[in-house]
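Spelled out from the first residue to the last, the chains are:
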Amino acid sequence: MITKEATKEAVKEGSERTFLHLAITGMTCANCSGRIERVLGRKPGIYRANVNLASKRGLFEYNPAQITPEAIIAQIEKTGFGAMLDDKAHQEELQVAEAKAANRMRWELIISAILSAPMLLGMMAMMLGSEASWVHFVHLPWVQLLLTTPIQFGIGARFYRAAWASLRAKAPSMDLLVAMGTTAAYLYSFYNGFLGGDPTHLYFESSAVIITLILLGKYFEERAKNRTGAAIRSLMSLQAETALRIDNSQSGQHYVEVPIDAVVENDYLLVHPGKSIPVDGVVLSGHSTVDESMLTGESLPVDKGENDLLYSGTLNQSGALVMKALKRADESTLSKIITLVNEAQGSKAPIQQLADRVSAIFVPAVILIAFITLLVTRLTLGEWSDAIMHSVAVLVIACPCALGLATPTAIMVGTGVGARQGILIKNGEALERVAKSSTIVLDKTGTITAGAPEVKHFTVNSQLIVSEAQRSEILRYLVALESHSEHPLAKAIVAYGAGQEQELSLSSSSKSASFQVENFQALVGAGLMGIIAEERYFVGSPRLMVEHHIDLTPFASLIDRHESRGETVVLMSREQDLVALVAIADPVKESSAGAIADLKARGIKVLMLTGDNQRTAEKIGEEVGLCPDEIRAELKPEDKAKIVANLQKAGESVAMVGDGMNDAPALALADTGIAMGTGTDIAMESSDVTIMNGDLASLPKVIKLSEMTMRKIRQNLFWAFIYNVIGIPFAALGFLSPILAGGAMAFSSVSVLLNSLSLNRLNLDRLGKDKK
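These figures come from a predicted structure and were not determined experimentally.

How each quantity is defined
Residues numbered from 1 in each chain as written. Predicted model: local features only at pLDDT ≥ 70, side-chain atom pairs only at ≥ 80, totals over all residues. Heavy atoms only, no water. Helix = DSSP H or I, 4+ residues; strand = E, 2+ residues; numbered from the N terminus. Buried < 20%, exposed > 50% of the residue type's maximum accessible area, 1.4 Å probe, protein only. Contact = heavy atoms within 4.5 Å. Areas by Shrake-Rupley, 256 points an atom, 1.4 Å probe, with all protein chains shown as cover. UniProt positions renumbered as here; feature names shortened; annotations may be inferred. Arc of directions from axis to C-beta. Salt bridge = Lys/Arg side-chain N within 4 Å of Asp/Glu carboxyl O. Pairing = 2+ DSSP bridges. Patch = residues over 30% accessible without salt bridge, like charges linked within 9 Å, V, L, I, M, F, W, Y side chains within 5 Å. Lys, Arg positive; Asp, Glu negative; His and termini not counted. Charge placed at Lys NZ, Arg CZ, Asp CG, Glu CD. Phe/Tyr/Trp six-rings, centres within 6.5 Å; stacked < 30°, edge-to-face > 60°. Core = buried A, V, L, I, M, F, W, Y, C linked by side-chain atoms within 4.5 Å. pLDDT = per-residue confidence, 0-100. Axes fitted to C-alpha atoms, helices over the stretch in contact; angles between N-to-C directions. Polar contact = N/O pair within 3.5 Å; in protein donor to acceptor, adjacent residues only side chain to side chain. Expected span 1.5 Å × (residues − 1). Parallel < 35°, antiparallel > 145°, perpendicular 65-115°, else oblique. Left-handed = near helix turned anticlockwise from the far one by under 90°.

Considerations on the overall build of the chain
Part 1 of the argument: Across its full length, the chain holds 29 helices and 26 strands.
Part 2 of the argument: Looking at the 772 residues of the chain, the share that counts as buried comes to 53%.
Part 3 of the argument: At a minimum sequence separation of 6, the contacts of the chain that also span at least 24 residues come to 69%.
Part 4 of the argument: Counting only carbon and sulfur atoms, one obtains 57% of the accessible surface of the chain, whose full area is about 33700 Å².

Quick notes on the UniProt feature "transmembrane region" (unreviewed entry) in the chain
Part 1 of the argument: Residues given the UniProt feature "transmembrane region" (unreviewed entry) here are residues 109-128, 134-155, 176-195, 201-220, 358-381, 387-406 and 717-736.
Part 2 of the argument: The span residues 109-128 is 95% helical and 0% strand by assignment, and the distance between its end C-alpha atoms comes to 27 Å.
Part 3 of the argument: Helix makes up 80% of residues 717-736 and strand 0%, with an end-to-end C-alpha separation of 23 Å.

Quick word on helix H23 (residues 592-601)
Part 1 of the argument: Taken together, the buried positions of H23 are occupied by Ser592, Ala595, Ile596 and Leu599. What you see down the axis of H23 is that its buried residues fit within an arc of 95°, all on one side.
Part 2 of the argument: Residues of H23 that are buried sit in contact with strand E15 (439-443), helix H17 (444-448), strand E22 (605-609), helix H24 (614-624) and helix H28 (698-732).
Part 3 of the argument: Glycine 603 lies just past H23 and shows a positive phi near 85°.

A few points about the pattern of salt bridges
Part 1 of the argument: Applying the stated criterion across every chain yields a total of 18 salt bridges.
Part 2 of the argument: Glutamate 108 is paired through a salt bridge with arginine 104; the nearest N and O atoms lie 3.2 Å apart. Remark: arginine 104 and glutamate 108 occur in helix H4 (residues 88-127); sequence separation between them is 4 residues, near one turn of the helix.
Part 3 of the argument: Overall, the relative accessible area of 9% leaves glutamate 108 in the buried class.

Observations concerning the pairing of strand E13 (residues 321-325)
Part 1 of the argument: The alternating pattern of E13 places Leu321, Met323 and Ala325 on a buried face, while none of Val322 and Lys324, on the opposite face, is buried.
Part 2 of the argument: Where strand E8 (residues 281-285) and E13 come together, 4 bridges link them in antiparallel fashion. Considered in E13, the bridge of glycine 281 is made with alanine 325.

Description of a positive patch on the surface
Part 1 of the argument: On the surface, a cluster of positive charge is made up of Arg42, Lys43, Lys78, Arg168 and Lys170.
Part 2 of the argument: Here arginine 42 shows up in the loop between helix H2 (30-41) and strand E2 (46-52).
Part 3 of the argument: Using a relative accessible area of 57% as the deciding quantity, one classes arginine 42 as exposed.

Focus: the packing of aromatic side chains
Part 1 of the argument: Scanning the model with the defined rule gives 9 aromatic pairs in all.
Part 2 of the argument: Arranged with centres 5.4 Å apart and planes meeting at 75°, the rings of tyrosine 186 and phenylalanine 204 form a pair that is edge-to-face. Here phenylalanine 204 lies in helix H9 (residues 204-228) and tyrosine 186 lies in helix H8 (residues 174-194), a separation of 18 residues in the sequence. By the burial criterion, tyrosine 186 is buried, and phenylalanine 204 matches it.

Thoughts on the nonpolar core
Part 1 of the argument: Phe60, Ile72 and Ile76 are the most contacted members of the largest nonpolar core, which has 122 residues in total.
Part 2 of the argument: For this core, the leading source of residues is H28, giving 13 residues.
Part 3 of the argument: Judged by nonpolar contacts, the second largest core, of 27 residues, contains Ile465, Leu475, Tyr537 and Val539.

What to know about the confidence of the model for the chain
Part 1 of the argument: For the chain, per-residue confidence averages 81 on the pLDDT scale, and 86% of positions sit at 70 or higher.
Part 2 of the argument: Low confidence marks residues 1-15, where pLDDT is under 50. Its contacts with residues over four positions away, or in another chain, come to 22 contacts.
Part 3 of the argument: Overall, residues 503-514 carries pLDDT values under 50, and its contacts beyond four positions in sequence, including any with other chains, amount to 22 contacts.

Concerning a nonpolar patch on the surface
Part 1 of the argument: A cluster of nonpolar residues, Phe137, Leu140, Trp142, Leu146, Tyr191, Phe194 and Leu195, forms a patch on the protein surface that exposes about 710 Å² of accessible area.
Part 2 of the argument: Sorting the residues of the nonpolar patch by element identifies helix H6 (141-155) and H8 as the ones contributing at least two each.
Part 3 of the argument: Inspection of the secondary structure puts leucine 195 in the loop between H8 and H9.

What to know about the sheet that holds strand E3 (residues 57-62)
Hydrogen bonds along the backbone pair up the strands of a sheet, which may run parallel or antiparallel.
Part 1 of the argument: Strand order in the open sheet made by the 4 strands is E2-E3-E1-E4, with antiparallel pairing throughout. Each edge of the open sheet carries a strand with a single partner, namely E2 and strand E4 (82-85). Neighbouring strand axes in the sheet, compared pairwise and without regard to direction, differ in orientation by 25° on average.
Part 2 of the argument: Strand direction decides the pairing type here: E2 and E3, joined by 6 bridges, are antiparallel. When the bridges of E3 are listed, asparagine 50 appears paired with leucine 59.
Part 3 of the argument: Sheet contacts for helix H3 (residues 69-78): strand E1 (18-25), E2, E3 and E4; angle to E1, the most-contacted strand, approximately 30°.

Observations concerning the environment of isoleucine 351
Part 1 of the argument: Tracing the sequence through the fold places isoleucine 351 in the loop between helix H12 (333-345) and helix H13 (352-381).
Part 2 of the argument: Distance in space between the C-alpha atoms of isoleucine 351 and glutamate 429 is 8.6 Å, their sequence separation being 78 residues.
Part 3 of the argument: Those residues within four positions of isoleucine 351 in sequence are excluded, and the remaining contacts are Thr407, Glu432, Met710, Ile713, Arg714 and Leu717.

Here's the deal with the sheet that holds strand E21 (residues 577-585)
Part 1 of the argument: Read from one edge to the other, the open sheet built from 6 strands follows the order E16-E21-E20-E19-E18-E17, with strand pairing classed as antiparallel. Each end of this open sheet is capped by a strand with a single partner; those strands are strand E16 (454-460) and strand E17 (518-523). Strand-to-strand twist of the sheet, defined as the mean angle between neighbouring strand axes without regard to direction, takes the value 15°.
Part 2 of the argument: The pairing of strand E19 (residues 535-540) with strand E20 (residues 568-574) spans 4 bridges and is classified as antiparallel. Its bridge partner being in E20, phenylalanine 538 is matched across the sheet by serine 573.

Details of the side chain of serine 116
Part 1 of the argument: Within the fold, serine 116 resides in helix H4.
Part 2 of the argument: A distance of 2.7 Å separates the side chain of serine 116 from the backbone oxygen of serine 112, its partner in a polar contact.
Part 3 of the argument: From its side chain, serine 116 meets the backbone oxygen of alanine 208 in a polar contact 3.5 Å long.
Part 4 of the argument: Apart from residues no more than four positions distant in its own chain, serine 116 is found in contact with Ile151, Ala208, Val209 and Thr212.

Considerations on helix H14 (residues 384-397)
Part 1 of the argument: Taking 1.5 Å of rise per residue, 14 residues should cover 20 Å, and H14 covers 20 Å from first to last C-alpha, within 8% of that figure.
Part 2 of the argument: Most of H14 sits inside the fold, with 12 of its 14 residues counted as buried.
Part 3 of the argument: Where H14 is concerned, the buried positions are Ser385, Ala387, Ile388, Met389, His390, Ser391, Val392, Ala393, Val394, Leu395, Val396 and Ile397.

Considering the packing of helix H7 (residues 157-168) against H8
When two helices pack together, their arrangement is given by the angle between the helix axes and the distance between those axes.
Part 1 of the argument: It is at 8 Å that the axes of H7 and H8 come closest, and there the two elements cross at 125°. If you check the angle between H7 and H8, you find them oblique. As for the relative orientation of H7 and H8, their crossing is left-handed in sense. Here Phe159, Tyr160, Ala162, Ala163, Ser166 and Leu167 of H7 lie close against H8, whose contacting residues are Asp175, Leu176, Val178, Ala179 and Thr183.

Topic: the packing of H23 against H28
Part 1 of the argument: For the pair H23 and H28, interaxial distance at closest approach is 8 Å and the crossing angle is 35°. Packed against H23, whose contacting residues are Ala595, Asp598 and Leu599, the element H28 presents Leu699, Pro700 and Ile703 at the interface.

As for unusual backbone geometry
Part 1 of the argument: Positive phi values are uncommon outside glycine, yet alanine 533 reaches one of about 50°.
Part 2 of the argument: Mapped onto the secondary structure, alanine 533 falls in the loop between strand E18 (527-532) and E19.
Part 3 of the argument: When its relative accessible area of 53% is taken as the criterion, alanine 533 is described as exposed.
Part 4 of the argument: In the Ramachandran plot, histidine 549 falls in the positive-phi region, its phi being about 60° despite a non-glycine side chain.
Part 5 of the argument: Along the chain, the position of histidine 549 falls in the loop between helix H21 (542-547) and helix H22 (556-564).

Laid out in structure tokens, this is it:
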């Protein structure tokens, strides 16, 4: 949590903020994670402490000038838990620690079950009226004491340690309830059996069986939690451990197998069929098909040849490829995806705030209810044995674990399902907001259209450009200017120029002395400007030319003709004269019309925002089922952001979908920013959700995933609340024995986990068919 004092301190000092990811061990319930957040959140220099019970991870935002990672870890350990850096270097150590803890819990469960079984069977046999000698033997006080004591104070010591740590931190936990309840049953039985009480009222088996059942529930809970993290583990398994580097020397070419971390930018690598692509790179030679399903969710392999991009973690299927590394392993696409999914699974949704508030006061409230139950039952029934057993049942059945697991487990599974489908969700808050979207705003280029435009027509102003040599020179100038831009239209023009004349490759156009571009400026959302041979050139939309008082008359009819076909017109001016026109067509994605129809069928308002001209925008809108009043054209980036802001002021929950740098302001401002993975890095960094395959058909899947995850969270919270609302009164009135209460408590968390895990069966391709 972020404290006001820490925030003020950070603003006042202008301090640096650094993030620390930790793996945390020893947490058993929501109060445990809440305790760490409260204690760490009060420490100077810590601005945010976010601890996730389900993933057993913590994210801490701190000022390194005031506190160190070692001090944070020490404070967590002082609070009663274990902590270590959650990074690649500590993964093996963490796995060993978790394996040891799981193995220890398994053996404790087995021993506890063996010692508890005779007492449980004896109790059942006596209830059935058995007079067998063994039944009387296991009911002897000294026999039950011998069987129970190792469970109570040996195996059950974990509850005492955790209870004491929670009391020291002034945040009582579920362990305190278990320790109090089982200790009360044990001590009361000891008094009756050995200190002059009624020897027929022994409840040793209650304390032993309660601890055994709780351990059994915790064991199943840990196994289920591990399944919720299966998505991140499967992603991590895709990372290659080594790469085959090509080293050239005087004696010839050598292949050296090196650790993946040793690969640096511009290394040459050989990737054999059946091997994972080690890092992001580009194909230098060879041809193959590559399985990119982990990246895009698409099952069909993609053909790869010279100059095609390769992504880490994807699988080379059929042929050997020689590639050049473009990034280090820790900067690769897969590494970013793993980090994003890990952070999303460790985040909290706003709906969890209610559960956190309830959990914080739950344990003290239960202790009070148990004490009242003890007094009222003693006064009404006149028996201390009944009063103690009723209060023990209240202590044991009330567990905030289910409340604490309700939200994070569903988020972990939901974001994992999304990752497998090529949908990356940054955090739980974004996952919750998507389902609430009432208006979805779509960019045109790269979102509704393919984002792979082609030049359909190039012409020059015949009044100024009279020879073929002059035409060629203008095209070279145009390519030289556009080669400085990353816009899809610029890339289409560069590709067209290269195809027209072989010498118009990027290297010869932009780097040649005769075509040196000076004072280049990208006019975001409009075009560009640069100086070549001491003359100023503008390249961009007709609107850009009008803004700079350049007469459109020479191309007026051509502009009208191409825009009526739905083509985008790019003009080029030299000083104040128009010299060239380029008509570019960007085909509509096949899935766009269906996706928009699905969104509208859900009652969501859909708008298209574009910097393109009105006629082209309306033509594209007509193809995908949008009306003229659902289209906003000729917009600058700031115009898109203003439209989003105005929609929000009108009470709309806005999701913005885009892929370009000019979409970044609107993506950041929208309630939910959704970026196409085929677009620019800045768009993805500004967004809350990334659709890796760039297919608009995945947008309804995002909404469906959000809806179903939120439904699971609401179900989990309902059952967690209703379980305690019904269970505590039943226990207080004596309708539940402590043993039944212990069993119910142990499996309440497991039921919540299993409900969350059912999201794994969600079929996002069957839109609208999973309502039941």
